[in-house]
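# A look at the structure
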Amino acid sequence: MHPVDRRSFLRLSGSAAVGSTAVVAGLAGGSAPVGAAAHADEPGPQDPAPPAREFRAMWLSSVVNIDWPSAPGLSAEEQQAEYLGWLDLAQELGLNAVIAQVRPTADAFWPSRFEPWSMYLTGTQGEDPGYDPLAFQIEQAHTRGLEYHAWFNPYRVAMSEEPELVPDHPARLHPEWVWPYGGKLYYDPGLPEVRAFVQDAMMDAVTRYDVDGVHFDDYFYPYAVAGEDYPDEETYAAHSDGSTPIQDWRRGNIDALVREMHARIRAEKPWVRFGISPFGIWRNASSDPAGSDTSGSESYEIICADSRRWVQEGWVDYINPQIYWQLGHPAADYETLVHWWSGTVEGTGVGLFIGEAAYKAVDGTFEEVTELGDHLDLTRTLPQVGGNVYFSAKSLREDATGSVDDLVARHYGHPAVVPALESVPGEAPEQPTVVSARSAADGVQVRWRARGATSVALWHLPDEEIGQAQLADGRRLVAVVRAERAAGEIVHEGADGTGFYAVTAYDRTWQQSEPSGAVAVRR
């Protein structure tokens, strides 16, 4: 299934701290380990170096058990083993973040004070799975140096119109809060008390858990069903002065959710990034001169999502549009949309990550095996694009076409540091130091000190020079590890002992310190 031997960037035996060692094994995509061949990995004149900063994530979907857990009712041990398998895959592919769905249908993957345990864990809503999945997921992701973004669905209550809900479910206690639509059950986004409640339910996880990000997907008002209107006329009459058209009122309700959620996250934990992954087309130019030169469905209309405004107002820290079409698509050309979103975020301080349809690559919808890799050829030329996110995790594993192998071999042969976001306040740690770099039986052992750092990056350089050009060159980056203590060590496995080593330190928002001095290897 995977013709390329995907070795892990990083194998951790314990956390990167005193008394433990991070072992850098090699490169994703089957490349040679960094070390003896590192300086031979030089680009040609027309071959730019890979970026050292790039967001690389996969969506781990839990609704109807798409990715994890693979089925309801697995034991705690089986669920944990499956999750660790997904983290293994993330590392093998060279990713640095996971976006995991923890509130798929007004339920919870943690012991919530507001909502019941999810049925997708045990098969029975409200049944304790025997451990805290959210705490486990975060801890294990951080141990491996992966960012963890908690993914919430704000308004979906159930995947059927008449679900079996636990007796104390808020939707049963407040039947006036919900309405059926298109075969599913939803909280009414037009009710102020609903908007306050869903924020409380999501903030429960933000407040109590060490998440790096809060993530919404594209489900706000449900996707429109032909011949069926939202049953919210009474809500509109009760909560509108009647002068605002109902479509604008609906968009205003979603705007309020986004604005208020961003403010609450910033007040509670300023370092936590808030991002949304809307449908890829905001509006077509035929509907609005500010729209894209496309002719597909518009999120502005079909789910009442004014995603362009969220960016302009700074209500999100990053936007992650789902551009799930191929290059040259007649209605929604990938290149056209990437350029449109790049222009939309330019000058706003909002980060831009592109949502990629890995499922279309592996099921053959994309005719070219190189399609995903070609997308990165484009996005890496645009300074506004900070990375890519893939739907879904299962598609990255079930690569029957070789599309993912092609992507990884071409673009993820080196690790990357998560980009800092201009809108997120942070403070770079003090300058770290390399204590020693010594030849060892299995490579080079580098010891470092970095006070106040959340993460540390190790750089392998051809000489003592370490400036911005070197720190932007992904070929020089050996590994990024979590720094649980002020000191730690990394074994650069397979390295031949040539060159120099340096480290940089990062806070929770990925603000980068001044680099340490570059140290030659002692034999």
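For the structure, see preceding data.
Description of the structure in this document. All figures in this text were calculated on a predicted structure; none of them were measured in a lab.

### A closer look at the overall build of the chain
Secondary structure summary: the chain contains 15 helices and 20 strands in total. For 523 residues, the compact-globule formula gives about 24 Å, and the C-alpha radius of gyration of the chain, at 23 Å, lands near that figure. In terms of its C-alpha atoms, the chain occupies a principal-axis envelope of roughly 75 × 50 × 45 Å. A buried classification covers 60% of the 523 residues belonging to the chain. Considering only residue pairs separated by 6 or more positions, the chain has 75% of its internal contacts joining residues 24 or more positions apart. Looking at the chain as shown, the accessible area adds up to about 19,200 Å², and 48% of this sits on carbon and sulfur atoms. If you average the places of the 39 positive and of the 76 negative side-chain charges in the chain, the two averages end up 7 Å apart.

### Here's the deal with unusual backbone geometry
Going from Trp68 to Pro69, the amide bond is cis rather than trans, its omega being -15°. The topology assignment puts Pro69 in the loop between strand S3 (55-60) and helix H1 (76-93). Omega for the bond connecting Phe391 with Ser392 falls within 30 degrees of zero, at -15°, which places this linkage in the cis form. Its place among the elements puts Ser392 in the loop between strand S13 (385-391) and helix H13 (393-397). Even without a glycine there, the phi angle at Cys304 is positive, about 60°. Positionally, Cys304 belongs in the loop between helix H8 (299-302) and helix H9 (307-313). By relative accessible area, Cys304 is classed as buried at 0%. Phi is positive for Trp510, which is not a glycine, with a value near 70°. Structurally, Trp510 can be placed in the loop between strand S19 (500-506) and strand S20 (519-520). By relative accessible area, Trp510 is classed as buried at 5%.

### Re the packing of aromatic side chains
A full pass over the atoms with the stated rule returns 32 aromatic pairs. Between Tyr318 and Phe353, the aromatic rings sit 5.1 Å apart at their centres with planes inclined by 40°, giving tilted as the arrangement. Placement of the pair is Tyr318 in strand S11 (residues 318-319) and Phe353 in strand S12 (residues 351-357), with a sequence separation of 35 residues. Note on accessibility: Tyr318 and Phe353 belong to one class, buried. With a centroid separation of 6.0 Å and 90° between ring planes, the pair formed by Tyr359 and Phe391 is classed as edge-to-face. Remark: Phe391 occurs in strand S13 and Tyr359 occurs in helix H11 (residues 358-362); sequence separation between them is 32 residues.

### Comments concerning the packing of helix H10 (residues 334-345) against helix H12 (residues 371-379)
A pair of packed helices is captured by two measures, namely the crossing angle of their axes and the spacing between those axes. The contact between H10 and H12 brings their axes to 11 Å, and the two run at 35°. At the point where H10 passes H12, the crossing takes the right-handed sense. Judged by residue contacts, Tyr334, Glu335, Val338 and His339 of H10 engage His375, Leu378 and Thr379 from H12.

### Considering H10
Counted at 1.5 Å a residue, the expected span for H10 with its twelve residues is 16 Å, and the 17 Å between its end C-alpha atoms agrees. Within the sequence span of H10, burial applies to Tyr334, Leu337, Val338, Trp340, Trp341, Ser342, Thr344 and Val345. Buried positions along H10 lie against H9, S11, S12, H12 and S13.

### Describing the sheet that holds S20
Read from one edge of the open sheet, four strands run S17-S16-S19-S20, paired in antiparallel fashion. Every other strand in the sheet has two partners, leaving strand S17 (477-482) and S20 as the edge strands with one partner each. As paired strands, strand S16 (residues 455-461) and S17 are joined by five bridges and run antiparallel to one another. Within the sheet, the bridge partner assigned to Trp459 lies in S17 and is Leu477.

### Side note on the pattern of salt bridges
Tallying each qualifying case throughout the model produces 27 salt bridges. Notably, a salt bridge pairs Arg508 with Asp210, separated by 2.7 Å at the nearest N-O pair. Highlighted residues: Arg508 in the loop between S19 and S20 and Asp210 in the loop between helix H5 (192-208) and strand S9 (213-216), separated in sequence by 298 residues. Under the relative-accessibility criterion, Arg508 is labelled buried at 17%. Relative accessible area serves as the criterion here: at 32%, Asp210 is assigned to the partly exposed category. The salt bridge partner of Glu313 is Arg309, with a shortest N-O separation of 3.6 Å. Here Glu313 pairs with Arg309, and both are found in helix H9, just four residues apart, close to one helical turn. Since its relative accessible area comes to 33%, Arg309 is described here as partly exposed. Residues participating in the shared-partner salt-bridge network are Asp210, Asp212, Arg482, Glu484 and Arg508.

### What to know about the sheet that holds strand S7 (residues 178-181)
Strands sit in the order S6-S8-S7 across an open sheet of three strands; the sheet is antiparallel. On the outer flanks of this sheet lie strand S6 (156-158) and S7, each paired with one strand and no other. Going from strand to strand, the sheet's axes swing by 40° on average, the running direction of each strand aside. Strand direction decides the pairing type here: S7 and strand S8 (residues 184-187), joined by four bridges, are antiparallel. Each residue of the ladder has a partner; that of Trp179, found in S8, is Tyr186.

### Some words on the packing of H1 against helix H3 (residues 133-143)
Orientation of H1 relative to H3, taken along the N-to-C sense of each, is 35°, at an axis distance of 11 Å. Judged by the twist between their axes, the crossing of H1 over H3 is right-handed. Residue-level inspection shows Gln80, Tyr83, Leu84 and Leu87 of H1 in contact with H3, the latter providing Phe136, Gln137, Gln140 and Ala141. A per-class count over the contact of H1 with H3 returns five nonpolar, three polar and no charged.

Reading the values: the criteria
Residues numbered from 1 in each chain as written. Predicted model: local features only at pLDDT ≥ 70, side-chain atom pairs only at ≥ 80, totals over all residues. Heavy atoms only, no water. Helix = DSSP H or I, 4+ residues; strand = E, 2+ residues; numbered from the N terminus. Rg over C-alpha atoms; globule rule 2.2 N^0.38 Å. Buried < 20%, exposed > 50% of the residue type's maximum accessible area, 1.4 Å probe, protein only. Contact = heavy atoms within 4.5 Å. Areas by Shrake-Rupley, 256 points an atom, 1.4 Å probe, with all protein chains shown as cover. Lys, Arg positive; Asp, Glu negative; His and termini not counted. Charge placed at Lys NZ, Arg CZ, Asp CG, Glu CD. Phe/Tyr/Trp six-rings, centres within 6.5 Å; stacked < 30°, edge-to-face > 60°. Axes fitted to C-alpha atoms, helices over the stretch in contact; angles between N-to-C directions. Left-handed = near helix turned anticlockwise from the far one by under 90°. Expected span 1.5 Å × (residues − 1). Pairing = 2+ DSSP bridges. Salt bridge = Lys/Arg side-chain N within 4 Å of Asp/Glu carboxyl O. Nonpolar A, V, L, I, M, F, W, Y, C, P; charged D, E, K, R; others polar.

No statement about biological role is implied by the geometric values presented.
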